[in-house]
Amino acid sequence: MTRLATVFIPQFPPEQLRAVARAADEAGIDELWVWEDCFYESGVATAAAVLAWTERVHVAIGILPVPLRNVALVAMETATLHRLFPGRVTLGVGHGVQSWMGQVGARAASPLTLLREHLTALRALLAGEKVTVDGRYVTLDAVELAWPPAAAPPVFSGGTGPKTLRLTGESADGTILAGGASPEVVQEAAEAVRAGREAAGRGGEHPLVASILVATGPGAERRLAEDARRMGWDPAAEAHVAGDAAAVAAAVDRWAAAGATTVVLQPTADEPDPVAFVRWVAEEVRPLVS
């Protein structure tokens with residue numbers, strides 16, 4: 001069965017997070033995502049708050065931009081969340097939006113090299129290993145977590161483009177696609193990830209996360225088109241859905257058929273009632289998804 005999720009987008013003010021988190025928990029949503037977009041809200045802080053306020057909902061962080069974060073710090077924060085809330089957290093990392101990284105003086109000459117080094121070191125640290133590495137970007141000298149997770153957790157990676165997607169297949173445990181990906185793009189991405197895994201000799205399942213921009217209720221089509229244009233997406237492309245629960249559920253099935261194992265329903269930035277949106281996803285859309 002497709003994993004259905006929604007997201008607390010960072011365009012919503014942080015003070016709305018608690019009500020949305022509790023609604024997700026009570027309504028039985030499969031997963032609640034939080035983002036770390038520059039320069040809005042911290043992915044780790046929001047994830048920790050959601051986990052503390054709720055009892056069961058799974059929380060996913062997508063994505064922490066690795067140029068901003070030392071890998072040892074990411075490992076410490078991730079391990080702490082997993083020790084406090086076992087089995088309820090998924091971490092996603094990526095090379096970040098390069099223009100944003102340039103704004104803070106953290107732009108890497110080779111984002112892919114940085115991401116590969118970060119993923120390799122991070123997964124080793126979370127597995128409880130003592131890590132020494134002297135890479136182009138990642139340097140660790142006998143670093144070992146004092147409180148690693150009880151079991152090594154999966155680390156997802158996000159991005160776009162065939163090179164990055166192959167890398168996520170090679171070095172990550174799951175892939176988070178950039179927003180605005182149509183079913184055709186999802187299918188192409190799944191093939192690139194598969195090629196990366198085969199090249200690395202990796203077997204087993206590899207989750208693929210895709211987002212759909214969704215609007216429902218009065219003015220849905222207008223709000224969706226405005227939000228798509230704000231993010232630089234083609235409003236006419238088959239990457240967004242405006243309509244009722246049946247229309248959205250049918251879209252989820254199309255994305256799942258293309259290869260997405262988790263589909264995140266993303267509200268527009270001007271969604272009039274984020275709490276009601278979460279309940280609608282869980283109570284009206286979820287039962288209609290195959």
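Please read these numbers as outputs of a predicted model, since none were measured by experiment. (Residues numbered from 1 in each chain as written. Predicted model: local features only at pLDDT ≥ 70, side-chain atom pairs only at ≥ 80, totals over all residues. Heavy atoms only, no water.)

### Focus on the overall build of the chain
Piece 1. Counting secondary structure elements, the chain contains ten helices and eleven strands.
Piece 2. Relative to the compact-globule value of 19 Å for 290 residues, the chain shows a C-alpha radius of gyration of 18 Å, a close match.
Piece 3. Here the chain holds 290 residues, and 53% of them are scored as buried.
Piece 4. Counting contacts in the chain only where the partners sit at least 6 residues apart, residues at least 24 apart contribute 73% of the total.
Piece 5. If you sum the accessible surface of the chain, you get close to 12,400 Å²; carbon and sulfur atoms cover 53% of it.
Piece 6. Side chains of the chain carry 24 positive and 34 negative charges; the gap between the two charge centres is 4 Å. (Helix = DSSP H or I, 4+ residues; strand = E, 2+ residues; numbered from the N terminus. Rg over C-alpha atoms; globule rule 2.2 N^0.38 Å. Buried < 20%, exposed > 50% of the residue type's maximum accessible area, 1.4 Å probe, protein only. Contact = heavy atoms within 4.5 Å. Areas by Shrake-Rupley, 256 points an atom, 1.4 Å probe, with all protein chains shown as cover. Lys, Arg positive; Asp, Glu negative; His and termini not counted. Charge placed at Lys NZ, Arg CZ, Asp CG, Glu CD.)

### Concerning helix 3 (residues 71-84)
What sets the pattern is the α-helix's 3.6 residues per turn: residues three or four places apart point alike.
Piece 1. Between its terminal C-alpha atoms helix 3 stretches 20 Å, which fits the 20 Å expected from 14 residues at 1.5 Å a residue.
Piece 2. Here the buried face of helix 3 lies against helix 2 (43-53), strand 3 (58-65), strand 4 (89-94), helix 5 (111-126) and strand 6 (139-143).
Piece 3. For helix 3, the N-terminal capping position is held by asparagine 70, with its side-chain oxygen 2.8 Å away from the main-chain nitrogen of alanine 72. (Expected span 1.5 Å × (residues − 1). Polar contact = N/O pair within 3.5 Å; in protein donor to acceptor, adjacent residues only side chain to side chain.)

### As for the packing of helix 5 against helix 6 (residues 162-171)
Piece 1. The interhelical angle for the contact between helix 5 and helix 6, taken along N-to-C directions, is 15 degrees, at an axis separation of 10 Å. Considered as vectors, helix 5 and helix 6 are oriented roughly parallel to each other. Relative to helix 6, the crossing made by helix 5 is right-handed. Counted together, Leu112, Leu115, Arg116, Leu119 and Arg123 of helix 5 and Lys163, Thr164, Leu167, Glu170 and Ser171 of helix 6 form the full contact between these two elements.
Piece 2. Class assignment for the residues of the contact of helix 5 with helix 6 results in four nonpolar, two polar and four charged. (Axes fitted to C-alpha atoms, helices over the stretch in contact; angles between N-to-C directions. Parallel < 35°, antiparallel > 145°, perpendicular 65-115°, else oblique. Left-handed = near helix turned anticlockwise from the far one by under 90°. Nonpolar A, V, L, I, M, F, W, Y, C, P; charged D, E, K, R; others polar.)

### Description of the environment of valine 133
Piece 1. Tracing the sequence through the fold places valine 133 in strand 5 (residues 131-134).
Piece 2. Here valine 133 falls in the partly exposed class, since its relative accessible area comes to 28%.
Piece 3. Distance in space between the C-alpha atoms of valine 133 and proline 148 is 19 Å, their sequence separation being 15 residues.
Piece 4. In this view, valine 133 contacts Val138, Thr139 and Leu140; residues no more than four positions away in its chain are not counted.

### Observations regarding the environment of arginine 286
Piece 1. Summarising the element assignment, arginine 286 is placed in the segment after helix 10 (274-285).
Piece 2. A sequence separation of 283 residues divides arginine 286 from arginine 3, and the C-alpha atoms of the two residues are 9.3 Å apart.
Piece 3. Here threonine 2 takes part through its backbone oxygen, which lies 3.0 Å from a polar atom of the side chain of arginine 286.
Piece 4. A polar atom in the side chain of arginine 286 sits 2.6 Å from the side chain of aspartate 30.

### Considerations on the side chain of serine 171
Piece 1. The residue serine 171 is located in helix 6 in this model.
Piece 2. In this structure serine 171 comes out as buried when scored by relative accessible area, which is 9%.
Piece 3. When near neighbours in sequence (up to four residues on either side) are disregarded, serine 171 contacts Arg116, Leu119, Arg123 and Arg202.

### Digging into the side chain of serine 211
Piece 1. Within the secondary structure, serine 211 sits in strand 9 (residues 208-215).
Piece 2. Since its relative accessible area comes to 12%, serine 211 is described here as buried.
Piece 3. Here serine 211 is in contact with Ala181, Trp255, Val264 and Gln266, once residues within four sequence places are set aside.

### Digging into the pattern of salt bridges
Pairs can form between side chains of opposite charge whenever their charged atoms are close.
Piece 1. Counted by the stated rule, this structure contains 14 salt bridges.
Piece 2. Where aspartate 270 meets arginine 223, a salt bridge forms, and the shortest distance between an N and an O atom there is 3.9 Å. Placement of aspartate 270 in the loop between strand 11 (262-267) and helix 10 and of arginine 223 in helix 8 (residues 220-230) is noted, with a sequence separation of 47 residues between them.
Piece 3. Assessed through its relative accessible area of 36%, aspartate 270 is described here as partly exposed.
Piece 4. On the accessibility criterion, arginine 223 (5% relative accessible area) is buried.
Piece 5. The network of salt bridges with shared partners includes Glu26, Arg279 and Glu283. (Salt bridge = Lys/Arg side-chain N within 4 Å of Asp/Glu carboxyl O.)

### Thoughts on helix 7 (residues 183-199)
Piece 1. Between its first and last C-alpha atoms helix 7 spans 24 Å; for 17 residues at 1.5 Å apiece the expected length is 24 Å, and the two agree.
Piece 2. Among all positions in helix 7, only Pro183, Val186, Ala189, Ala190, Ala192, Val193, Gly196 and Arg197 are buried.
Piece 3. Buried residues along helix 7 sit against helix 6, strand 8 (174-177), strand 9 and helix 9 (245-258).
Piece 4. Downstream of helix 7 by a residue or two, glycine 201 has a phi angle that is positive, lying close to 70 degrees.

Functional significance is not addressed by these values, which are geometric in nature.
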